[in-house]
Amino acid sequence: MQDCGEEIGNAGLLSILSREKIGDIDVICKSSEVYTALYNTDFQIVVGGYDENLKDAKRVAEQMGLKAIPLRVSGPFHTYLMKPAAAKMEAFLKKMDVQLARRPIIANTSTRGVVDPEHIKEELAIQIYNPILWKASVKKMSAVGIEVFIEIGPGKVASGMISKIVPSAKILNIEDKASLEQTVQELSDLLS
C-alpha cells in the first residue's frame, strides 16, 4: 500500500471530525471528488483522494462547521486509487496457504464473519481499496460477544474509538515490552 501511495505521489487522507454526529459525508465527497476511506465513529470519518481535492474537501467541511485534519500518510488508503496495491496483494495471497479460521474473522469492509481461506484472502485484498467500516465492525464484534479488545502498535487511537463505540468494552494495549507483560497479566486475571 505504501509503495502504491508513493507511486501516486500527490494523494492522501483527510480526517473529518465533529462534536456532533456527522451527517451526510457524500456532500463533501461529491463536491470535492474525494472518496470515503474510513467510517471510524459517528464523529470521525476519513476521506481520501488527490491532494488538491483534499484541500477542497477541507474547505467544504470547514464551511459546514466540521473540523478537517490532513493525515500524515503516504497514500489514499482504502480508496479506489489503491487498486494496484490490491492486485499485488491478490497475487501474493494466491501463493499463501491460509487455513480455515478457528473463529470467524470480522471483515472490516462488510462486517461479515469469514472463516473460509478464500474469503479471508478476498477480504484482505478488497480492504485495500474499499472503505473500512470500523464502527460497524466493532459493533458486530460486540454483538457476537467480544468483550475484550487488544490494540497492538504505538498509540491508542483505535482504543479511543472502541471506547466511544462500545463503552463497556475492556480495552488493552500493546506497544512495548512493558505493556505486553501488563496485557498478558490482565488477560490471565480475566481468564482465571
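In case you missed it, the structure is sitting above this.
What comes next is a walk through the structure. None of the values given here were measured: they were computed from a predicted structure. (Residues numbered from 1 in each chain as written. Predicted model: local features only at pLDDT ≥ 70, side-chain atom pairs only at ≥ 80, totals over all residues. Heavy atoms only, no water.)

**Remarks on the overall build of the chain**
(1) Moving on: Tallying secondary structure elements over the chain gives eight helices and eight strands in all.
(2) Moving on: Expected size for 192 residues packed as a compact globule is a radius of gyration near 16 Å; at 18 Å, the chain falls within 12% of this value.
(3) Moving on: Principal-axis analysis of the C-alpha atoms places the extent of the chain at approximately 55 × 45 × 30 Å.
(4) Moving on: In the chain, buried positions account for 39% of the 192 residues.
(5) Moving on: In the chain, the proportion of contacts linking residues at least 24 apart, taken out of those at least 6 apart, comes to 58%.
(6) Moving on: Of the accessible surface of the chain, which amounts to about 11,500 Å², a share of 55% is contributed by carbon and sulfur atoms.
(7) Moving on: For the chain, the distance from the average site of its 23 positive side-chain charges to the average site of its 25 negative ones is 2 Å. (Helix = DSSP H or I, 4+ residues; strand = E, 2+ residues; numbered from the N terminus. Rg over C-alpha atoms; globule rule 2.2 N^0.38 Å. Buried < 20%, exposed > 50% of the residue type's maximum accessible area, 1.4 Å probe, protein only. Contact = heavy atoms within 4.5 Å. Areas by Shrake-Rupley, 256 points an atom, 1.4 Å probe, with all protein chains shown as cover. Lys, Arg positive; Asp, Glu negative; His and termini not counted. Charge placed at Lys NZ, Arg CZ, Asp CG, Glu CD.)

**What to know about the packing of helix α4 (residues 83-94) against helix α5 (residues 117-126)**
(1) Moving on: Packing of α4 against α5 leaves a shortest axis separation of 8 Å and a crossing angle of 155 degrees. Viewed along their axes, α4 and α5 adopt a mutual orientation that is roughly antiparallel. Crossing of α4 over α5 shows right-handed handedness. Two secondary-structure elements touch here, α4 through A86, M89, E90, L93 and K94 and α5 through K121, L124 and A125.
(2) Moving on: Residue composition of the contact of α4 with α5, grouped by class: five nonpolar, no polar and three charged. (Axes fitted to C-alpha atoms, helices over the stretch in contact; angles between N-to-C directions. Parallel < 35°, antiparallel > 145°, perpendicular 65-115°, else oblique. Left-handed = near helix turned anticlockwise from the far one by under 90°. Nonpolar A, V, L, I, M, F, W, Y, C, P; charged D, E, K, R; others polar.)

**Here we look at the packing of aromatic side chains**
(1) Moving on: Scanning the entire structure with this criterion turns up one aromatic pair.
(2) Moving on: Relative to Y80, the ring of Y35 lies with its centre 4.9 Å away and its plane at 75 degrees, an arrangement referred to as edge-to-face. On the criterion of sequence distance, the pair formed by Y35 in strand β2 (residues 35-41) and Y80 in the loop between β4 (67-70) and α4 is long-range, its members being 45 residues apart.
(3) Moving on: For Y35, a relative accessible area of 32% translates into the label partly exposed.
(4) Moving on: Accessibility expressed as a relative area gives 42% for Y80, which makes it partly exposed. (Phe/Tyr/Trp six-rings, centres within 6.5 Å; stacked < 30°, edge-to-face > 60°.)

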